[in-house]
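# Working through the structure, step by step
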Amino acid sequence: MSETPRSDLPHETPALTLPNGNWERDTLERLVFATVNERRAARRWGTFFKLSFLLLAFFALWSLYDFNFTGADGDLVGKHTALIEIKGEIEDEGSGSADVVIPALNKAFSDLQSVAIVLRINSPGGSPVQAGIIVDEIQRLKRGYPHKKVYVVVDEICASGGYYIAAAADQIYVNKASIVGSVGVLMDGFGFTGTMEKLGVERRLLTAGENKGFLDPFSPQSDKHKAHAQSMLNEIHQQFIAVVRSGRGARLKETPETFSGLFWSGARAVDMGLADGFGTVETVARDVIKAEDVVDYTAHEGLPERVLKKFGAAVGAGAIKTLHAGSRPSVR
């Protein structure tokens, strides 16, 4: 006689089977590894940003205090040739301004280890005022340090205001293809009176003082004003000529074109006595000065200034300067 199953007996539940019996441990390990990797990545990025900040701070301090590990004061290199670079236009801002060049000149002359000074010039000219101030300071320093000579090495161009400065040097060296000369002065501008008449525009200029509207581009140019401007240009031109004659002395072979504003190649400038020979900073330091080590005394633009200019901080100042500069003499 067969027995029927009894409903009051407990049923056996089959065991739950998983692909991996250690799934809890595997999941925990994955979570731990993910957390560790995330923290490692966070530490790496944190280290990167900290190092970047320290590097920027270091360069900012470098710029602020003008550190120079090459021995700008001659402490590390001993006897050397002092180099000062003048690039671009001679104006009241930039590497060609008196405010930048003169401190470098004083530092180079006063250094006991500097044997001589080399000005490397690459300039088309500019302000006769800035050039004149630099020339006066060179002459003063040469009197105070008579044993130190000043040499000029021309790169691409040394014209007008650039040559104004170069003429104060003891010797000038060029490349045979350099552009040299342009001993002259100009004052340029525009006149719009004819255009205004065609457009029916009336100029309304009120002044207190009969010559206050001098060189106004929207007013007709009078013979009196033109003669006055020409007289002033001639006066500045004579100042330029005097510096060239004084600096070049008997080496200058004057012709009617010497001070006409023309410029010449470096090779022709040597023939005319506007330059003394061919050379570079390295050859002049080695062969002429006999101090092969060259130390740069140029006041280079610092990191803060570069950053500000990059983001346009100088745009507004440049616009205001353009609006108010007006016409002024220029040796270029």
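Chains are numbered independently. Their residues run from 1 in the order of the written sequence. At least 70 in pLDDT is required for a residue's local features to be given in this predicted model, at least 80 for side-chain atom pairs to be given and counted, and no such filter applies to totals for whole chains, interfaces and linings, which use all residues. To get the side-chain values, all heavy atoms of the structure are used, and hydrogens and water are removed first.

## Considering the overall build of the protein
In terms of regular secondary structure, the protein is built from ten helices and eight strands. To be clear on the numbers: accessible area is Shrake-Rupley with a 1.4 Å probe, and residue cover counts the displayed protein chains and nothing else. With the model as given, the accessible surface of the protein reaches about 21600 Å², and the carbon-plus-sulfur share is 58%. Here a strand is any run of E in DSSP of at least two residues, a helix any run of H or I of at least four, and the numbering for each starts at the N terminus.

## Concerning helix α8 (residues 281-289)
Where α8 is concerned, the buried positions are V281, V284, A285 and I289. Mapping the buried residues of α8 onto a view down its axis gives an arc of 100°, with all of them on the same face. Whether two residues touch is decided by their heavy atoms; if any such pair falls within 4.5 Å, the residues are in contact. Next to the buried residues of α8 lie β1 (80-87), β2 (114-123), β3 (150-159), β4 (171-174) and β8 (294-296). Residue K290 follows α8 closely and has a positive phi angle near 70°. Burial classes follow relative accessibility: with a 1.4 Å probe on protein chains only, a residue under 20% of its type's maximum area counts as buried, one over 50% as exposed, and anything between as partly exposed. It is the directions from the helix axis to the C-beta atoms whose arc is reported.

## Observations regarding the pattern of salt bridges
For salt bridges, the criterion is a side-chain nitrogen of Lys or Arg within 4 Å of an Asp or Glu carboxyl oxygen. For the coordinates displayed, the defined rule picks out nine salt bridges. One salt-bridge network, held together by shared partners, links E85, K87 and R120.

## Thoughts on helix α3 (residues 128-144)
A turn of α-helix holds 3.6 residues, and therefore any two residues three or four places apart point the same way. Expected span of a helix, by definition, is 1.5 Å for each gap between consecutive residues, and there is one gap fewer than residues. The first and last C-alpha atoms of α3 sit 24 Å apart over 17 residues, in line with the 24 Å expected at 1.5 Å per residue. All buried positions along α3 are accounted for by P128, Q130, A131, G132, I134, V135, E137, I138 and L141. Against the buried residues of α3 lie α2 (98-110), β2, β3, α4 (161-166) and α6 (223-248). Its side-chain oxygen 3.1 Å from the backbone nitrogen of V129, S127 forms the N-cap of α3. As used in this structure description, the phrase polar contact means that two N or O atoms lie within 3.5 Å; if the pair is within protein, one of them must be able to donate a hydrogen and the other to accept it, and residues adjacent in sequence are counted only when both atoms belong to side chains.

## Examining the packing of aromatic side chains
Aromatic contacts are taken between Phe, Tyr and Trp rings whose centres are within 6.5 Å, Trp giving its six-membered ring; a plane angle under 30 degrees counts as stacked, one over 60 as edge-to-face, and the others as tilted. The final tally for this structure, using the stated rule, is two aromatic pairs. Note on F109 and Y145: the rings are 5.7 Å apart at their centroids and 40° apart in plane angle, and the pair reads as tilted. One end of the pair, F109, is in helix α2; the other, Y145, is in the loop between α3 and β3, and 36 residues separate them in sequence. With relative accessibility at 26%, the residue Y145 sits in the partly exposed group.

## Considerations on the confidence of the model for the protein
Counting all residues, the mean pLDDT for the protein is 80, and 77% of those residues have values of 70 or more. In the predicted structure, residues 1-18 sits below a pLDDT of 50 and forms one contact with residues beyond four places in sequence or in another chain. Scored from 0 to 100, pLDDT records how confident the predictor is in each individual residue.

## Some details on unusual backbone geometry
Notably, S160 is not glycine yet its phi reads approximately 50°, a positive angle. By secondary structure assignment, the location of S160 is in the loop between β3 and α4. If you check the backbone angles, S182 has positive phi at about 60° while not being a glycine. Secondary-structure assignment places S182 in the loop between β5 (179-181) and α5 (193-199). Take S182: its relative accessible area is 8%, and that puts it in the buried class.

## Considering the pairing of β2
The element β2 is largely enclosed, with a buried count of seven among its ten residues. The criterion for strand pairing is that DSSP finds at least two bridges linking the strands in question. As paired elements, β2 and β3 share six bridges and run parallel to each other. Bridging across to β3, R120 finds its partner in V153.

## Some details on the nonpolar core
Only buried residues count toward a nonpolar core. Its members are Ala, Val, Leu, Ile, Met, Phe, Trp, Tyr and Cys residues joined through side-chain atoms within 4.5 Å. Counting 47 residues, the largest nonpolar core has L105, L119, Y163 and I165 as its most contacted members. Looking at which element gives the most residues to this core, the answer is α2, with seven residues. Apart from residues no more than four positions distant in its own chain, Y163 is found in contact with C158, I172, V180, G181, V183, F240, V244, R248 and L274. Residues L83, V118, Y151 and V281 belong to the second largest nonpolar core, which totals ten residues.

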